[in-house]
Amino acid sequence: MKKTISDTWLVNGNIMIFCGPHTDSFKKDILASSLLAELVAVKNSHHTASWLTYTDTVIKTGWIVNSRATQQLEFENSSLLNVVEQSAEGALPQDERQTLAITMAQMVNLPSDSPAIRTIVEKLHKNTTESNTTTDTPVSTAVLLTIIRNDKTVVTLQVAFETLHEISIDILDQPVLSAGNDRQTNSWLLCSSLDERHYNLIRGDVLKKLGPNIETRLLQIPVPADLD
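How each quantity is defined
- The residue count restarts for each chain, going from 1 along the sequence in the order it is written.
- Reporting of local features is limited, given that this is a predicted model, to residues whose pLDDT is at least 70; pairs of side-chain atoms are given and counted only at 80 or more, and all residues count toward the totals for whole chains, interfaces and linings.
- To obtain the side-chain values, all non-hydrogen atoms of the structure were included, while hydrogens and water were left out.
- All axes are obtained by fitting lines to C-alpha atoms, using only the stretch in contact for helices, and the reported angles, taken between N-to-C directions, cover 0 to 180 degrees.
- Numbering of helices and strands runs from the N terminus; a helix is a DSSP stretch of H or I covering at least four residues, while a strand is a stretch of E covering at least two.
- Angle categories are assigned with fixed cut-offs, so that under 35 degrees is roughly parallel, over 145 is roughly antiparallel, 65 to 115 is roughly perpendicular, and the rest are oblique.
- Helix crossings are classified by the rotation of the near helix relative to the far one: an anticlockwise turn of less than a right angle makes the crossing left-handed, while a clockwise turn makes it right-handed.
- Contact definition: two residues touch when any of their heavy atoms are within 4.5 Å.
- When residue character is reported, Ala, Val, Leu, Ile, Met, Phe, Trp, Tyr, Cys and Pro are called nonpolar, Asp, Glu, Lys and Arg charged, and the others, Gly included, polar.
- We call Phe, Tyr and Trp rings a pair once their centres come within 6.5 Å, taking the six-membered ring for Trp, and we label the pair stacked below 30 degrees between planes, edge-to-face above 60, and tilted otherwise.
- Two conditions define a charge sitting above a ring: the NZ of Lys or the CZ of Arg must be within 6 Å of the ring centre, and it must be within 35 degrees of the ring normal.

Trainee: Just to check I follow, could you spell out the packing of helix 3 (residues 80-88) against helix 4 (residues 94-108) for this structure?
Mentor: Between two packed helices, the angle of one axis relative to the other and the distance separating the axes together describe the packing. The geometry of helix 3 relative to helix 4 is characterised by a closest axis approach of 11 Å and an angle of 160° between their N-to-C directions. It follows that helix 3 is roughly antiparallel to helix 4 by the angle criterion. Where helix 3 crosses over helix 4, the two elements pack in a sense that is right-handed. Counting all contacts with helix 3, which are made through L80, L81, V84 and E85, the residues of helix 4 involved are R97, L100, A101 and M104. Here the residues of the contact of helix 3 with helix 4 sort into six nonpolar, no polar and two charged.

Trainee: Hey, could you run me through the packing of helix 1 (residues 24-41) against helix 6 (residues 196-210) in this one?
Mentor: Packing of helix 1 against helix 6 brings their axes to within 10 Å, and their N-to-C directions diverge by 55°. Accordingly, the angle class assigned to the pair helix 1 and helix 6 is oblique. Both helix 1 and helix 6 take part in a crossing whose hand is left-handed. Seen from helix 1, the contacting residues are F26, D29, A32, S33, L35, L36 and L39; seen from helix 6, they are E196, Y199, R203, V206, L207, K209 and L210. For the contact of helix 1 with helix 6, the residue count by class is nine nonpolar, one polar and four charged.

Trainee: Even after reading the chapter, I still don't get the packing of aromatic side chains, so can you show me in this structure?
Mentor: For any pair of aromatic rings, the description rests on two quantities: the centre-to-centre distance and the angle between the ring planes. Scanning all chains against the criterion turns up zero aromatic pairs. Sitting over the ring of F18, K27 keeps its end group 5.8 Å from the ring centre. Stacked on the ring of F26, the Lys or Arg K152 has its end atom at 4.8 Å from the ring centre.

What is shown is where atoms sit, not what they do.
Structure below.
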């Protein structure tokens, strides 16, 4: 298995994985524009509306849309890794799928009291809504995950799911997630790329709007940079 390079961050609790070698300036621009969109989106608590707000905002900062897709996925007793792979379909080449799998495994193995674990779990709890479709009352939540491919394509996914288990980091690799019975869209996909010339013109405005959030809402996950 060939060696892969990755760099993983939390953007206000959302997982962002850079696959392959990217410049620090490119990473900073993607992180900042994504954080701005996330902070705008969290003002709206409904998952679908938040997704639309998020994508509209990143587009305004210079993300060029290559493709969009929504799906009603069917899954039961799945891990988040499996659901993401199902949702992404052809948007993630094999190398990026390998990086995603290894990165999630490493996150699960972080110390339980690590800032990264706490941040991810807190974000999952903030996204939860109670479902009353069964007497067991499963908890519904959603995850926003971004993977930047080797070729700079930005693959952004939001997936919604239910679980009868306690919300914890285990959802990343344990088969505890189900699609639910509401027959609603539960997968949103945006493939885009950053227009770096356009972003150069608005970088100052983005950073000004973010203010101290650029320091407090971004967290680099301490996983090895070289993945075997």
